[in-house]
Amino acid sequence: MKPATLLALLPLLAATALARAEPIGSVDTAFKLIGPDHKIVVDAYDDPKVGGVACYVSRAKTGGIKGAIGLAEDKAEASIACRQVGPIVIRQPLPAQEEVFSERISLVFKRLRIVRMVDVPRNTLVYLTYSDRLIDGSPQNSITAVPVGRETVIPVKR
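The numbers attached to residues start from 1 for each chain and follow its sequence in the written order. Since the coordinates come from a predicted model, pLDDT governs what is reported: local features require at least 70, and pairs of side-chain atoms require 80 or more to be given and counted, while whole-chain, interface and lining totals use all residues. To obtain the side-chain values, all non-hydrogen atoms of the structure were included, while hydrogens and water were left out.

### Digging into the packing of aromatic side chains
Reasoning step 1: Only centres within 6.5 Å qualify two rings of Phe, Tyr or Trp (six-membered ring in Trp) as a pair; their planes then separate them into stacked at under 30 degrees, edge-to-face at over 60, and tilted for everything else. Applying the stated criterion across every chain yields a total of one aromatic pair.
Reasoning step 2: Aromatic side chains Y45 and F101 sit 4.1 Å apart centroid to centroid with 50° between the ring planes, which places their arrangement in the tilted category. Taken together, the positions of Y45 in strand β2 (residues 38-46) and F101 in strand β5 (residues 97-104) put the pair 56 residues apart, joining distant regions of the chain. To qualify as a helix, a DSSP run of H or I must reach at least 4 residues; to qualify as a strand, a run of E must reach at least 2; elements of each kind are numbered from the N terminus.

### Things to note about the sheet that holds β2
Reasoning step 1: An order of β1-β2-β3-β4 is seen for the four strands of this open sheet, with the pairing classed as antiparallel. If you trace the sheet from one side to the other, it starts and ends with β1 (21-30) and β4 (78-90), each paired once. Mean inter-strand twist for the sheet, computed between neighbouring axes without regard to direction, equals 15°.
Reasoning step 2: Two strands are counted as paired when DSSP detects at least two bridges linking them. Relative to β4, strand β3 (residues 50-61) runs antiparallel, the two sharing nine bridges. Its bridge partner being in β4, R59 is matched across the sheet by A78. Note on method: axes are straight lines fitted to C-alpha atoms, helices fitted across the in-contact stretch only, with angles between N-to-C directions ranging 0 to 180 degrees.

### Concerning a nonpolar patch on the surface
Reasoning step 1: Taken together, the side chains of F31, L33, I34 and I65 present a nonpolar region at the surface, about 510 Å² in accessible area.
Reasoning step 2: Looking at the element boundaries, I34 is found in the loop between β1 and β2.
Reasoning step 3: The buried label applies to any residue whose accessible area, calculated with a 1.4 Å probe on protein chains only, is under 20% of its type's maximum; exposed applies above 50%, and partly exposed to all values in between. Taking the relative accessible area as the measure of exposure, I34 reaches 55% and is therefore exposed. Two distance rules govern patches: like charges are joined within 9 Å, and nonpolar side chains (Val, Leu, Ile, Met, Phe, Trp, Tyr) within 5 Å, applied only to residues with over 30% relative accessible area and no salt bridge. Accessible surface is estimated by sampling points in the Shrake-Rupley manner with a 1.4 Å probe; for residues, cover comes only from the protein chains shown. Salt-bridge detection follows one rule: a side-chain nitrogen of Lys or Arg within 4 Å of a carboxyl oxygen of Asp or Glu.

### Some remarks on the confidence of the model for the chain
Reasoning step 1: Taken as a whole, the chain shows an average pLDDT of 81; of its residues, 75% reach a score of 70 or greater.
Reasoning step 2: A residue's pLDDT is simply how confident the predictor is in it, with values from 0 to 100. Contacts: residue pairs with any heavy atoms within 4.5 Å of one another. Within the model, the stretch residues 3-16 combines pLDDT values under 50 with two contacts to residues more than four positions away or in other chains.

### Some details on the nonpolar core
Reasoning step 1: Residues grouped as a nonpolar core are buried Ala, Val, Leu, Ile, Met, Phe, Trp, Tyr and Cys residues, joined through side-chain atoms within 4.5 Å. Within the largest apolar cluster, 22 residues are counted, with the highest numbers of intra-cluster contacts made by V50, I114, L125, Y127 and I154.
Reasoning step 2: Sorting the residues of this core by element identifies β3, β4, β5, β6 (110-119) and β7 (124-133) as the ones contributing at least two each.
Reasoning step 3: Considering each element in turn, this core owes the most residues, five residues, to β4.
Reasoning step 4: Among all residues touching V50, those that are not within four sequence positions of it are I88, V89, I90, L94, R116, L125 and Y127.

### Thoughts on unusual backbone geometry
Reasoning step 1: In this structure, N123 is a non-glycine residue whose phi angle is positive, near 50°.
Reasoning step 2: Along the polypeptide, N123 turns up in the loop between β6 and β7.
Reasoning step 3: Judged by its relative accessible area of 6%, N123 falls in the buried class.

Now the structure itself:
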């Protein structure tokens, strides 16, 4: 493969390395006569680089006509809870801070993001969720932590 072709594929490969959402459920919060109701959705994300850790994120999803056709802008509020769901396996050193998930929550400008941070002194993985906009981000955020047993040292890229 030519180096130029490989360089062109790197962003695509990086994007596919991010976690993928798995819908868990939802509850309606407001009835809409036309289009889907407003709701709160709960999705699960497996950390792509840390086996045995799953994150559950709840967030508002706008319904109505705009929501049905993908033009609605969802609220910037989200909540996150990450838990150990199996043996923790870390196959390669982790960056001290890395985005593990990103999803569009408006037509163009707003994204929901999940960032993993490594708290080395406490041997803990910290996950932060927030949303940002092209021009003006939101201070709304939620944080959770997954302590890793001392027998499993978290390798960190230096």
